Structure formats: structure tokens, C-alpha cells
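Reading the structure
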Amino acid sequence: MRILILFVLSIFISCAQPTTQKAPSVAWQNQLDKVMEVHDEVMPFTAEIVNLNKQLKNFQATHTDLSKEIIVKLEDTQNQLTKAEEGMWDWMHGFVQPSDADDVKKANLYLANEQKKIQAISENMKTSMKAAKQLISELKQK
Amino acid sequence: MKNILYIIILLSIISCSQEVEKLPILGNKEEINGKMVYHEVGDFHFIDQDGNPVTPSTFEGQNYIVDYFFTSCPTICPKVKKQELRVYEKFKNNDKLGYLSVSVDTKYDTIQKLKWYADKLNIHDKKWKFVTGEKDHIYKVAESFFHVAMDDKTAPGGFNHDGRLILVDKNKHIRSFCDGTDPVDVDRFMKDVENLLTEENE
């Protein structure tokens, strides 16, 4: 009888042991949070990029006596801003959040790759904004 | 017994005569020729999910709630839309309240995509316009809607990802706003919407 009780007890204990395999959503959630943290930090900058682009466009449109060098610089900076902004829209359009049905390893690999992409987009946005602000400041001084 | 009856009647009269708190008009104001002139939202011209033009005259005689969003937004917008749907459910039978959701993604949020999004939210109501338009115009109009809601007025932009809901009255005045990601703030906002609708019925 004692053996039977111990046997039943051991079954309960073994069933109550936590599984080492995490639920998929938990296993990649941290990775997803890191990706979204970068996204949320720089996404509001898109409005500022549009604003800077508009300032440069207006400057070019209202100044007819610009040197070739300045025109090239203006156009390059505008292109850089546009490319940086579009990079964010393209990334969001292509991004697919993993689901619980996905293989955890694959989901983590996918998110690690997305982390690299969003990091690069963040850098592009910040660099292009810095360049545009610098150019605007230079043009104001002239 | 008679005294108690009098008190009950008196209390009922007092409670019934309580006026609805009038919402302030938000934003810049200036006195011109002895008359106070308040900030009004600017003109706009957009296209909605059915391909119809949307201008201020679309909301003539109506109050409306504005938000800026985009369909591929992975974080803020789904939270805001969830709360906005709560507002919509509460007031959906009131024809004096419309909804204007402006997409900032002019590259991907086409009319078809906006229609798909409205369907996804199960919105088949002419009162709720999901709109797109020319990029510079969308951003210019945003300044007129959101200038009251920006905490830091020296920082341009940010409205496209901060989840605000703005309440505009039928005279183009901004009367309230809230953080659309915060259910408690949205509860307060819903009371403001109710007050505005009641104020106009009086």
C-alpha cells in the first residue's frame, strides 16, 4: 500500500515539474521588445524628417542664385532624408510579428535579423537629420 | 415625515438643476476688437476609404474625434484603435459625432488598404473616415490639430506616434484631448465627449 502511495505521489510530483521548454511567445518576447524599443524611439522622428525636407525644398525653391555645389548638397541631403524615412515605412510594411505557432529558434533568428535592420534604419534617420540641421544652419549663416 | 419629504424634493431639484460642466476651448487665443478669438483647426482635403473627398464640410454641424495613425504600426496604433473603438461603441448611435483617422503612411496606406483596415476593425459606418492625402498637407494639418497636445512645443513632430485623440467641436474648436493608449485617460475623454454633446443639446 505504501509503495502504491509513493508511486502515485511521484507521478504528481513529476507532472508538477516546470517544463524547461518555454512557451513560444515568452521565448521570443524579449527579442521582440528590443526590436520595438528601437522602432518606438525613432518613429516619431519621421515627422521631423518631413519638416526638415520641406525646409530644404523651400530654401531651394526660393533662392535662384545658388551655386552648383550648394544645389548638389541640398539635393543629396533631401535624398538622404527621404531614403531614411522610407526605410522606416518599408521596414514596418515588411515586418511580420512571429506567432506562437512558429518555431522558437526560427522566430529568434528572424527577430535578431530585424534588430539589425531597425538599428540601421535608426542610424540612417539620425545621421540624415543631423546633416540636414547642419546644412540649414550653414545656409542661414550665409 | 413631511419635513423629510420636503428635503427629498429639494435635493431632487438641486441635483436636476446641476449644469453640465462646459468644456474649455483649447489652444491659442487672442482678443481682437474686444472679442476673444480662439484657435480653429485649419482646412483640409483628404480622400477616405471609399474614395470620397473629406473636407471640413464633411463634418458640418458635427463634432469629431481626430487621430493620426498608419495601418502597419506595430506598437502604439493597435492600442489606440482598441480605445477608440470603445469610444465609438459608446457613441455610435449619436449622429452628432464623427471620426477622422488620418494615415501618415502615404506610401503604403492606399484607399484600398484603408478600406481593408476599416473592414478589419469592423467599421462600416459613414461617420468614421479613414483618410489619406498629400504628405506635406497631412503634416501641415497635423500642426493645427495637435498644437494643443504637444507637451514640448519646441520639438517638431512626434504626433504621428504619440497616440493622441483630439475632440473638435462643430465650430472647429479643439475642446479636449487624451492619450489614446491610456484607458483611464480615455474614460475621462469620453466624459468630455458626453459633456460636449449634452452642452449642445441645451
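To keep things clear, this report deals only with the structure shown in the data block. Throughout this document, residue positions are counted from 1 along each chain, in the order its sequence is written. For naming, the first written chain is A and the first written ligand is 1, with later ones following in the order written. Local features are withheld for residues below a pLDDT of 70 in this predicted model, meaning they are given only at 70 or higher, and side-chain atom pairs are given and counted only at 80 or more; totals for whole chains, interfaces and linings count all residues. Hydrogens and water are ignored here; the side-chain numbers use all heavy atoms of the structure.

1. Structural notes on the overall build of chain A
For chain A, the helix and strand inventory stands at 5 helices and 0 strands. Put simply, DSSP H or I for four residues or longer makes a helix, DSSP E for two residues or longer makes a strand, and each gets a number counted from the N terminus. Beginning at the N terminus, the succession of helices and strands in chain A can be written as α-α-α-α-α. Each residue's exposure class comes from its accessible area (1.4 Å probe, protein chains only) as a fraction of the maximum for that residue type: buried when under 20%, exposed when over 50%, partly exposed otherwise. Looking at chain A residue by residue over its 142 residues, the buried ones come to 33%. We call two residues in contact when some of their heavy atoms are within 4.5 Å. Contacts in chain A between residues at least 24 apart in sequence constitute 83% of all its contacts with a sequence separation of at least 6. Only the protein chains shown count as cover for residues, with accessible areas throughout obtained via the Shrake-Rupley method and a probe of 1.4 Å. Put simply, chain A shows about 9,300 Å² of open surface, and 57% of that area lies on carbon and sulfur atoms.

2. As for the sheet that holds strand β8 (residues 164-168) of chain B
All names here are of chain B. A pair of strands is treated as paired once DSSP finds two or more bridges between them. Pairing in this open sheet of 7 strands is mixed, and the strands run β4-β3-β7-β6-β5-β8-β9 from one edge to the other. Only two strands of the sheet have a single partner each, and these edge strands are β4 (53-54) and β9 (174-179). The sheet contact formed by strand β3 (residues 46-48) and strand β7 (residues 128-132) spans 2 bridges and is antiparallel. Among the inter-strand pairings, I47 is bridged to a residue of β7, identified as T132.

3. Here's the deal with the interface of chain A and chain B
Many structure descriptions define interface size as the accessible area lost when the parts assemble. Counting residues at the interface gives 18 residues for chain A, matched by 20 residues for chain B. Buried surface area refers to the total accessible area, computed with a probe of radius 1.4 Å, that the two partners give up upon joining, counted for both partners together. Of the roughly 1,700 Å² buried where chain A meets chain B, counting both sides, 60% is carbon and sulfur surface. One side-chain nitrogen of Lys or Arg within 4 Å of one carboxyl oxygen of Asp or Glu is enough to make a salt bridge. Joining chain A to chain B, the criterion identifies 4 salt bridges. Within 3.5 Å is the distance limit for a polar contact, defined as a pair of N or O atoms, with the added protein rule that one can donate a hydrogen and the other accept it, and that residues adjacent in sequence qualify only through two side-chain atoms. The tally of links between chain A and chain B comes to 5 residue pairs in polar contact (both at pLDDT 80 or more). Contributing elements (two or more residues each) for the side of chain A that touches chain B: α2 (24-42), α3 (45-62) and α4 (68-94) of chain A. Sorting elements by how many residues they give to the side of chain A that touches chain B places α3 of chain A first, with 7 residues. Residue polarity is assigned by list, with Asp, Glu, Lys and Arg as charged and Ala, Val, Leu, Ile, Met, Phe, Trp, Tyr, Cys and Pro as nonpolar; anything else, Gly included, falls into the polar class. Of the residues in the side of chain A that touches chain B, the class split is 7 nonpolar, 4 polar and 7 charged.

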